[in-house]
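Close look at the chain arrangement
Here is what each chain is made of, one letter per residue.
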Amino acid sequence: MRSPSGSPILMSVFELFKVGPGPSSSHTIGPMRAGVDFAARVRALDPALLARARGIRVRLLGALSATGRGHGTDRAILAGLMGYSPENCPPSIVNELFTLPAHERVLRTGKGDIPLELDSIVYGPMQHDYPYSNTMFIELLDEAYPARTASVDAAGASPAWSSPANNAEAVDPVAEHVLFSREYYSVGGGFLQWKDWRPEERNMPPHPYTSMTSLQNRLAESGLTLDTLLMENEIAISGLSPAAVIQGLDNILALMKESVKRGCETSGLLPGAIRLMRKAHVLHSRAASLQPFDRLLCLLNAYAYAAAEENAAGSIIVTAPTCGAAGVLPALTVFMQEHLGLDQAAQRRGLLAAAAVGLIAKQNAGIAGAEVGCQGEVGVASAMGAAMLAEARGYSAGVVENAAEIALEHHLGLTCDPVGGYVQIPCIERNAVGANKAYNAALIACNENPAAHKLRYDDVLRAMAEIGRDMNCKYKETSTGGLALCLVVC
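Keep in mind that this is a model prediction, so the values were computed, not measured.

**Examining the environment of Thr73**
Assignment of secondary structure puts Thr73 in helix H5 (residues 73-82). In sequence terms Thr73 and Ser24 are 49 residues apart; their C-alpha atoms lie 8.6 Å from each other. Not counting residues up to four positions away in its chain, the partners in contact with Thr73 are His27, Pro31, Leu60, Leu64 and Gly68.

Given below as structure tokens:
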């Protein structure tokens, strides 16, 4: 979801930092939002048309199809159709969706309830010609799906329905039963688009910027500090009062810290066929017996593991910038408070800087594993974390940029190859390594000679975008290459 080249960034901080259930912003939060949107549009249809509605079919393409089962896409999109948005969806609903009574697992139209079943989900091809990898179709039918008379294969897919080059009317036996259909794209970080989508009108910020270079130019022209400029922009874009923005930032920080706390207190197996044991609780407990340097490093690892494990369990987390990278910033936030002595005001300033780094990456390269690999998820999260640390500790905007550049530079080429389609191996551990890289990048940037620094953050984003374009799709959240093939999941 990148804006046209040269367009100023008009996204709010609170669009980047979304609250919702894990384990994947593109596979869970985005599809759930699509379900909510589709249900609302269905309820607005002509009552005569609604009276004919009997079923729902959901078609998933790209990485949504390849890893949708392990990522919980099927349950998330059905929960959205039931009326649950990411912000108000209890994790128990998603995790236990198919144990609910049948009369609760429905799309309520006002003209009758439409049953929602696992068989309503159809998995299509990973490669297709639609604009985004993570494409989904949601369709309202005049018959139950799958109909007993429909010709479907073992996976529940009608032959050849998924290619836009095909004549869907001719090859799809369900096409004649479609009353209403929407084509959605989950474009990373929980952002959602659809066919013929256009950005909504936004207030122009007082200090518009499109890249890190133009942000630095706005700072030089205005004479403002980074946090002041970003705060003035956020107030204009969101329409919130200064007090409301501060409260919103504090809420995000609190939710991040809470995910770390829950994760450090929880042990046992994570859901799914991998049967991966949680590690945060053990790392946190054993840190006390280590030497001072090792103890701090172990605690930072524990914090990142904790939030990432909560994400993998489908608990409520904050996209930063995605669910798959939701352990990096929370770990550093807790570390700043507990071990660096940085107060709430400093943490807020850091969070604003992190948001700017993330939004610039989103506009100019991408943050979705399905588009650019994990370099856009944990890599960008690490860059955001490094910037957050440098800003919170009072360094200049130039140092903040250098910290972000160093962190992202050393994640270039990182593939997204989750084992078994779960956001567990290598995702959880990568969050810990990303948090450590962020801390080290900030340490280097804050202690080097800034004038001697060569690469700019925009340079690395261009490299990341190019690498993402060249990266084979089997390394983009499809679980068909790399580490995903190194461990058999039964």
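**What about the packing of helix H8 (residues 212-222) against helix H17 (residues 397-409)?**
Relative to each other, H8 and H17 sit at 170 degrees, their axes nearing to 11 Å. It follows that H8 is roughly antiparallel to H17 by the angle criterion. Listed contacts from H17 to Met212, Gln216 and Leu219 of H8 are Ala397, Gly398 and Glu401. Broken down by class, the residue content of the contact of H8 with H17 amounts to three nonpolar, two polar and one charged.

**Points about helix H9 (residues 226-238)**
With 13 residues, H9 ought to run about 18 Å at 1.5 Å a step, and its terminal C-alpha atoms sit 18 Å apart, in line with that. Residues Leu226, Leu229, Leu230, Met231, Asn233, Glu234, Ala236 and Ile237 constitute the buried set of H9. Structurally, H9 contributes buried residues whose contacts are with helix H1 (13-16), H8, helix H10 (242-265), helix H14 (344-364), helix H16 (378-392) and H17. A positive backbone phi angle near 75 degrees is found at Gly239, which sits one or two residues after H9.

**Quick notes on the pattern of salt bridges**
One pass over the structure, following the stated rule, counts 18 salt bridges. A salt bridge links Glu15 to Arg202, with the nearest nitrogen and oxygen atoms 2.8 Å apart. Remark: Arg202 occurs in the loop between strand S8 (192-194) and H8 and Glu15 occurs in helix H1; sequence separation between them is 187 residues. The residue Arg108 makes a salt bridge to Asp113 at a minimum N-O spacing of 3.0 Å. Note on Arg108: relative accessible area 42%, which makes it partly exposed.

**Digging into the packing of aromatic side chains**
Centre-to-centre distance and the angle between the planes together describe a pair of aromatic rings. Inspection of every chain in the model, using the stated rule, returns four aromatic pairs. Both rings, one in Tyr130 and one in Phe137, keep their centres 5.2 Å apart while their planes meet at 70 degrees; by these two values the pair is edge-to-face. Residue Phe137 is classed as buried on the basis of its relative accessible area, which comes to 7%. Ring plane angle 75 degrees and centroid distance 5.6 Å describe the contact between Phe335 and Tyr439, whose orientation is recorded as edge-to-face. In this pair, Phe335 is assigned in helix H13 (residues 328-338) and Tyr439 in helix H18 (residues 427-447), connecting sequence segments 104 residues apart. For Tyr439, a relative accessible area of 23% gives the class partly exposed.

**With respect to unusual backbone geometry**
Following Gly22, the chain continues into Pro23 via a peptide bond in cis, with omega recorded as 15 degrees. As for its placement among the helices and strands, Pro23 is situated in the loop between strand S1 (19-21) and helix H2 (25-43). Of note in this structure, Arg275 is not a glycine but carries a positive phi near 60 degrees. Its location among the elements puts Arg275 in the loop between H10 and helix H11 (280-286). Phi is positive for Glu477, which is not a glycine, with a value near 65 degrees. Its location among the elements puts Glu477 in the segment after helix H19 (457-470).

Here is what the cut-offs are and how they apply
- The residue numbering used here restarts from 1 in each chain and proceeds along that chain's sequence as written.
- Since the coordinates come from a predicted model, pLDDT governs what is reported: local features require at least 70, and pairs of side-chain atoms require 80 or more to be given and counted, while whole-chain, interface and lining totals use all residues.
- The side-chain values count all of the structure's non-hydrogen atoms but skip hydrogen atoms and water molecules.
- A run of H or I in DSSP counts as a helix once it spans at least four residues, and a run of E counts as a strand once it spans at least two, with each numbered from the N terminus.
- We call two residues in contact when some of their heavy atoms are within 4.5 Å.
- With axes taken as lines fitted to C-alpha atoms, and helix axes fitted only over the stretch in contact, angles between N-to-C directions fall between 0 and 180 degrees.
- For this classification, under 35 degrees means roughly parallel, over 145 means roughly antiparallel, 65 to 115 means roughly perpendicular, and everything else is oblique.
- Residues are grouped as follows: nonpolar covers Ala, Val, Leu, Ile, Met, Phe, Trp, Tyr, Cys and Pro; charged covers Asp, Glu, Lys and Arg; every other residue, Gly included, is treated as polar.
- One less than the number of residues in a helix, times 1.5 Å, gives the span that helix is expected to have.
- Here's how the labels work: a residue is buried when its accessible area is under 20% of the maximum for its type, exposed when over 50%, partly exposed in between, all with a 1.4 Å probe on protein chains only.
- A side-chain nitrogen of Lys or Arg and a carboxyl oxygen of Asp or Glu constitute a salt bridge if their distance falls within 4 Å.
- Put simply, two rings from Phe, Tyr or Trp (the six-membered ring, in Trp's case) pair if the centres are within 6.5 Å, and we call them stacked under 30 degrees between planes, edge-to-face over 60, tilted for the rest.

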